[in-house]
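Chains, contacts and geometry: an overview
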Amino acid sequence: MQFTLQQIADALGAPAEGNTSLTILRAAEPADAGPTDLAMAMAPKYAEALEKGAARCAVLWEGADWKAMGLEGAIFVTRPRMAMAGITAMLDRGQGVEPGVHPSAVVDPTAEIGKGVSIGPLCVIGPRARIGAGSVIGAQCHIGMDAALGENCLLREMVSIGARAVIGDRFIAQPGARIGGDGFSFVTPEVSGVENVRKTMGDAGDAKAQSWLRIHSLGAVEIGDDVEVGANCTVDNGTIRNTVIGSGSKLDNLVHVGHNTRVGRDCLLCGQTGVSGSVEIGNNVVLGGQTGVVDNIFIGDGVIAAGGTKILSNVPAGRVIMGYPGVKMATHTEIYKAQRRLPRIARDVEALKKAVFKQPPSD
Amino acid sequence: MQFTLQQIADALGAPAEGNTSLTILRAAEPADAGPTDLAMAMAPKYAEALEKGAARCAVLWEGADWKAMGLEGAIFVTRPRMAMAGITAMLDRGQGVEPGVHPSAVVDPTAEIGKGVSIGPLCVIGPRARIGAGSVIGAQCHIGMDAALGENCLLREMVSIGARAVIGDRFIAQPGARIGGDGFSFVTPEVSGVENVRKTMGDAGDAKAQSWLRIHSLGAVEIGDDVEVGANCTVDNGTIRNTVIGSGSKLDNLVHVGHNTRVGRDCLLCGQTGVSGSVEIGNNVVLGGQTGVVDNIFIGDGVIAAGGTKILSNVPAGRVIMGYPGVKMATHTEIYKAQRRLPRIARDVEALKKAVFKQPPSD
Amino acid sequence: MQFTLQQIADALGAPAEGNTSLTILRAAEPADAGPTDLAMAMAPKYAEALEKGAARCAVLWEGADWKAMGLEGAIFVTRPRMAMAGITAMLDRGQGVEPGVHPSAVVDPTAEIGKGVSIGPLCVIGPRARIGAGSVIGAQCHIGMDAALGENCLLREMVSIGARAVIGDRFIAQPGARIGGDGFSFVTPEVSGVENVRKTMGDAGDAKAQSWLRIHSLGAVEIGDDVEVGANCTVDNGTIRNTVIGSGSKLDNLVHVGHNTRVGRDCLLCGQTGVSGSVEIGNNVVLGGQTGVVDNIFIGDGVIAAGGTKILSNVPAGRVIMGYPGVKMATHTEIYKAQRRLPRIARDVEALKKAVFKQPPSD
């Protein structure tokens, strides 16, 4: 895999100057770059590091003086991370899954394998499963019976897709992702302490100790186009209807999405976020790392939650939230600042009580 | 798989009316239901959706006027989720693991495989492992040497059971669950900063930088009957004794249970809950999603923790807790309400100081 | 595997008394110990339990009166957990991976397998992968193309190592650990709401709804010597450079380390800790369970974070922190104590306002 500087500039739609026929094999950080690397130096702060490396060409910020930096050629970009998207897509060397179906894979004869599909070693493809054209299934994956995967998908190693899942095109799954485990849904014969606590906000009542009966998951998981799920993340089957992940949404590593939940389009669920069952999440929602969402609420379009937020009630569209429980970020900041002053406030109140009521300080 | 309306009513022990010989292939949400579906409409709020669908029969709330809803037959239930448990168990189409041992599975000749056991493709069953009658082992599972699994267990794909684990009957494991990883247990040659912090509640002292020595796990994992563990969750081996999960307890996805910990009977550990090592958890305990539990404490019978609670000290039986650190839910709510008023309290205190002490407001 | 009491004492460098030729097959808790077990009773509180068991020998605290406890022999130690490290290492019966390469493993002919390497059933070893002498690869593992693993490593079952990872000697990976998933890195064509929130600390501005473009991971993962990673934990590839885990560091179950992050030497990342991308973590850092770390910050040498801490900004070396957001543990404790008194402070302030300003209490 190699490109000229000009080919990369063209792909980015970005201007290039100097010797644009230079050959590029890899991208590199400025200080590490060698003569066949493209140095990624898209802000003035990288200029110095660039001089430490041996790059002959670089991606630079607009207006950068590439000749003064000793370069032979350069590409100029205005939105660095957009350039990163284009360049890294071109130079990705992938994981090396061989074309075709590996002879060690166990593929059910009723499975429908599209044109140009690669299936790695020791995969299991179940009865009537369908895999769309151009998809790459990494080693040791499992695709359950009656599951359908779209075109040009990429599954890394050891991904599992449960029976009856329906997944769109260009789906990407990182190693160990689990689509279609059964939902976590149990019930006690009589009213349980948890049910009482939810009603009373804290009182378990006199519910007796009981065992849990299982509610099976008859639904599956339905995933739109252009979705990515992270390593070891889990999306559970719905109970009666399907659990849904909308097109363009991205789930990071170790994210959990519970049964019946519907995630909208173009959402980002960052690392270790957990969404309980029967939650309705709108479009363009961003949940920071380790966000938690209780069951049976809705989160409106465009909501942004800071990392660590625990969302315990409905959130209207457009709101930026933080905290445990999650509140408007501005409110959280105001509360937090006051908290920092709280020990002093406590002392002030004692002094005031002494002065006003002539009473001795309490403990 | 199909049933008559009457068969389902009988299984639930619930009254049915109308044409109870109707054939049912699936359960469906009221608005999605077709003519061979059983519509799940167990509260009056679903009546309208029912009319949008094409259901001929439904599960309804007690006293519902099924004829007025245009149905031909109905079952009446008083505790909807209990009915869900019964109906979904009947209509579960499963994952399609074929009977018998798949020829691609690697089964040690010394393993004891019970009557009617199914073992999916590409499984590994270790030396002297025992699998009880009627159990279903999904594709690509691993059962370690000397491990024992009870009767009628169900392992989804890619579950791993470590050596010497002892597991009861009717165990269910979702994809990627890990039973019997080694515990996370390390020690430094001399007293470490962490040990000092624990003693002093915050002072690392002058402990020098040291490397960690590993304490191996000689114990295993011991699991009772009727336990379920979620996708990608992890239960670690004990150090000397076994880690224990009591009968009837259920662990959700991505839950972590550390070495030596003992979880009692009929507990629910919700999504992403983490329990450290050497914790004693009683019976009928419910830990909401993302609960965290520090090591070496006990949690009494019937304790309920709200989602996101961080439990940093012993919790007596029956307590309902919330927060970081976890306190009684009522206390947490009171503190939280006061926090919301804190910015105003701060302003009030400044005004009071000005009035009483004639002093200028502080920063 | 069996030892005499003397052999164990010698390995620990600890004094032994009595019949030191006793044969030991296992370690056991004092009350469970049988005649061929070594009872682990390293503090006076275990003396009573010891009498309930049938141990003939034990590991005891310094100065313990072993004869009075009815023992025939004993070893005496001063730092019990250090003794645990030595004893458990000797008595670990392991997982039983057979020597040599199992015939069901799919090993690329260009892979370099060192001397004395064991490769379990149904493993996949990719092109040009290198496995150092004496390493044990458990069943159903995956080692990607061009990955390099050092000597005497131990991979439990179903571990996956991505392409181009570089891993040192004595690496231990628990079941389902994922090294080298792609980083979670996306960008919108125009400025997004999240970018605005980060700049303004809370205002998403008028960013329009957009889809996410993927930034591929061209970097890999680089791991030093003596590193251990827990069950189902995930370490992502870097974008341009490698993600790095320094020698001697240990990651617990379900820990997440994002792309480009560099973890120093001899760190402990406890269960379910999540570290975002591009974080710089020093040496000898301990992050308690469920700690979260935002992206693009640094954490200095020797920092200790209590369980549940959310680290939202740089942390200087040596600091002990706690809370959400993480602050000095002493500060957190002071704030927390004041919070507990907050409802009363609120009442006091109302009373003061009434007395000083003669105004009625607010809501």
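Residues numbered from 1 in each chain as written. Chains lettered and ligands numbered in written order. Predicted model: local features only at pLDDT ≥ 70, side-chain atom pairs only at ≥ 80, totals over all residues. Heavy atoms only, no water.

- As recorded by an unreviewed UniProt entry, chain A carries the name UDP-3-O-[3-hydroxymyristoyl] glucosamine N-acyltransferase and is attributed to Ruegeria intermedia.

1. A look at the overall build of chain A
- Within chain A, the secondary structure is distributed over 6 helices and 39 strands.
- At 27 Å, chain A has a C-alpha radius of gyration far larger than the 21 Å of a compact globule built from 363 residues.
- Considered along the principal axes of its C-alpha atoms, chain A spans approximately 85 × 70 × 30 Å.
- Going through the 363 residues of chain A one by one, you find that 61% of them count as buried.
- Of the contacts formed within chain A by residues at least 6 apart in sequence, a portion of 19% connects residues at least 24 apart.
- As presented, chain A carries roughly 13,300 Å² of accessible surface, and 52% of it is formed by carbon and sulfur atoms. (Helix = DSSP H or I, 4+ residues; strand = E, 2+ residues; numbered from the N terminus. Rg over C-alpha atoms; globule rule 2.2 N^0.38 Å. Buried < 20%, exposed > 50% of the residue type's maximum accessible area, 1.4 Å probe, protein only. Contact = heavy atoms within 4.5 Å. Areas by Shrake-Rupley, 256 points an atom, 1.4 Å probe, with all protein chains shown as cover.)

2. A few points about the sheet that holds strand β39 (residues 327-328) of chain A
- What the 11 strands build is an open sheet, ordered β10-β13-β16-β19-β24-β27-β30-β33-β36-β38-β39 (chain A); its pairing is mixed. Unpaired on one side and paired on the other, β10 (118-119) and β39 of chain A mark the two borders of the sheet. (Pairing = 2+ DSSP bridges.)

3. Comments concerning the relation of the copies chain B and chain C
- Aligned on chain C, chain B shows an RMSD of 0.1 Å; the corresponding rotation is 120° and the shift along the axis is 0.0 Å. What the superposition gives is, in effect, a three-fold axis relating one chain to the other.
- The residues that chain B uses at the interface reappear at the interface of chain C in only 18% of cases, marking distinct surfaces. (Least-squares fit on C-alpha atoms with pLDDT ≥ 70 in both.)

4. Looking at empty space enclosed by the protein
- Using the criterion set out here, one finds 5 cavities of 30 Å³ or more in the structure.
- Around the largest cavity sit 24 residues that line it, and Y324(A), Q339(A), Y324(B), Q339(B) and Q339(C) are the ones nearest its centre.
- Secondary-structure elements contributing two or more residues to the lining of the largest cavity are α5 (329-340) of chain A, α5 (329-340) of chain B together with α5 (329-340) of chain C.
- Space inside the second largest cavity adds up to approximately 160 Å³.
- Forming the walls of the second largest cavity are L254(A), Q272(A), Q290(A), K310(A), L254(B), Q272(B), Q290(B), K310(B), L254(C), Q272(C), Q290(C) and K310(C).
- In terms of residue class, the lining of the second largest cavity is made up of 3 nonpolar, 6 polar and 3 charged. (1 Å grid on protein atoms, 1.4 Å probe; cavity = no way out; pocket = protein on both sides within 12 Å on 5 of 7 lines; lining within 4 Å. Points joined across faces, edges and corners; volume = space filled by probe spheres on them. Nonpolar A, V, L, I, M, F, W, Y, C, P; charged D, E, K, R; others polar.)

5. So, the packing of aromatic side chains
Residues and elements named next belong to chain A.
- Per the stated rule, a full pass over the model turns up 3 aromatic pairs over all chains.
- Arranged with centres 5.1 Å apart and planes meeting at 75°, the rings of F184 and F186 form a pair that is edge-to-face. Both residues of the pair, F184 and F186, belong to the buried class. (Phe/Tyr/Trp six-rings, centres within 6.5 Å; stacked < 30°, edge-to-face > 60°.)

6. With respect to the interface of chain B and chain C
- Chain B puts 83 residues into the contact, and the matching count from chain C is 74 residues.
- Taken over both partners, the interface formed by chain B and chain C buries close to 6,200 Å², and the fraction arising from carbon and sulfur atoms is 62%.
- On the chain B side of the contact with chain C, F184(B), W212(B) and Y324(B) bury the most area, a combined 12% of that side's loss.
- Linking chain B with chain C are 6 salt bridges. (Buried area = accessible area lost by both parts, 1.4 Å probe. Salt bridge = Lys/Arg side-chain N within 4 Å of Asp/Glu carboxyl O.)

7. Quick look at α5(A)
- Over its 12 residues, α5(A) runs 16 Å from end to end, which matches the ideal 16 Å to within 8%, given 1.5 Å per residue.
- Within α5(A) the residues assigned to the buried category are M329(A), H332(A), I335(A), Y336(A), A338(A) and Q339(A). (Expected span 1.5 Å × (residues − 1).)

8. Quick word on the side chain of Q272(A)
All names here are of chain A.
- Tracing the backbone through its elements, the reader meets Q272 in the loop between β30 (268-269) and β31 (274-275).
- Taking relative accessible area as the criterion, Q272 reaches 7% and is therefore assigned buried.
- Here the side chain of Q272 touches Q290 through a polar contact of 2.8 Å, side chain to side chain. (Polar contact = N/O pair within 3.5 Å; in protein donor to acceptor, adjacent residues only side chain to side chain.)

9. Observations regarding the sheet that holds strand β2 (residues 16-18) of chain A
Residue and element names in this part refer to chain A.
- In space, the 5 strands of this open sheet follow the order β2-β7-β6-β5-β4, with mixed pairing throughout. A single partner strand is all that each edge strand has here, and the edge strands are β2 and β4 (26-28). Shown here is a sheet whose adjacent strand axes are inclined to one another by a mean of 25°, direction ignored.
- Two strands pair when backbone bridges link them, and β2 and strand β7 (residues 73-77) are joined in this way by 3 bridges, in the antiparallel orientation. (Axes fitted to C-alpha atoms, helices over the stretch in contact; angles between N-to-C directions.)

10. A closer look at the interface of chain A and chain C
- Contact residues are listed per partner, giving 75 residues for chain A and 83 residues for chain C.
- The tally of links from chain A across to chain C stands at 6 salt bridges.
- A salt bridge links R347(A) to E334(C), with the shortest nitrogen-to-oxygen separation between them at 4.0 Å.
- Scanning the region where chain A abuts chain C turns up 35 residue pairs in polar contact (both at pLDDT 80 or more).
- Sorting the residues of the side of chain A that touches chain C by element identifies β4, α3 (80-91), β27 (250-251), β30, β38 (320-322), α5 and α6 (342-357) of chain A as the ones contributing at least two each.
- Broken down by element, the residue count for the side of chain A that touches chain C peaks at 11 residues, all from α6(A).
- Its residues assigned to classes, the side of chain A that touches chain C comprises 36 nonpolar, 22 polar and 17 charged.

11. Comments concerning the environment of A330(A)
- With respect to the helices and strands, the residue A330(A) is situated in helix α5.
- A sequence separation of 10 residues divides A330(A) from V320(A), and the C-alpha atoms of the two residues are 8.4 Å apart.

12. Overview of the pairing of strand β5 (residues 37-41) of chain C
All names here are of chain C.
- Counting buried positions along β5 gives 5 out of 5 residues, so the element sits mostly inside the fold.
- Along β5, one buried face is formed by D37, A39 and A41 and the opposite face, lined by L38 and M40, is buried too.
- Taken together, the 3 bridges between strand β4 (residues 26-28) and β5 define a ladder with parallel strand orientation. Bridge pairing in β5 links A27 to L38.
- Here 4 bridges tie β5 to strand β6 (residues 57-61), and the two strands are oriented parallel to one another. Across the sheet, A39 pairs through a bridge with A58, a residue of β6.
- You can see the chain leave β5, run along helix α2 (residues 47-52) and come back into β6, and the turn it takes is right-handed. (Right-handed = clockwise from strand over helix to strand, strands pointing away.)

13. Section: the environment of G202(A)
- Structurally, G202(A) is set in the loop between α4 (193-200) and β22 (213-214).
- Not counting the four nearest positions on each side in its chain, G202(A) is found in contact with V197(A), V320(B) and M329(B).

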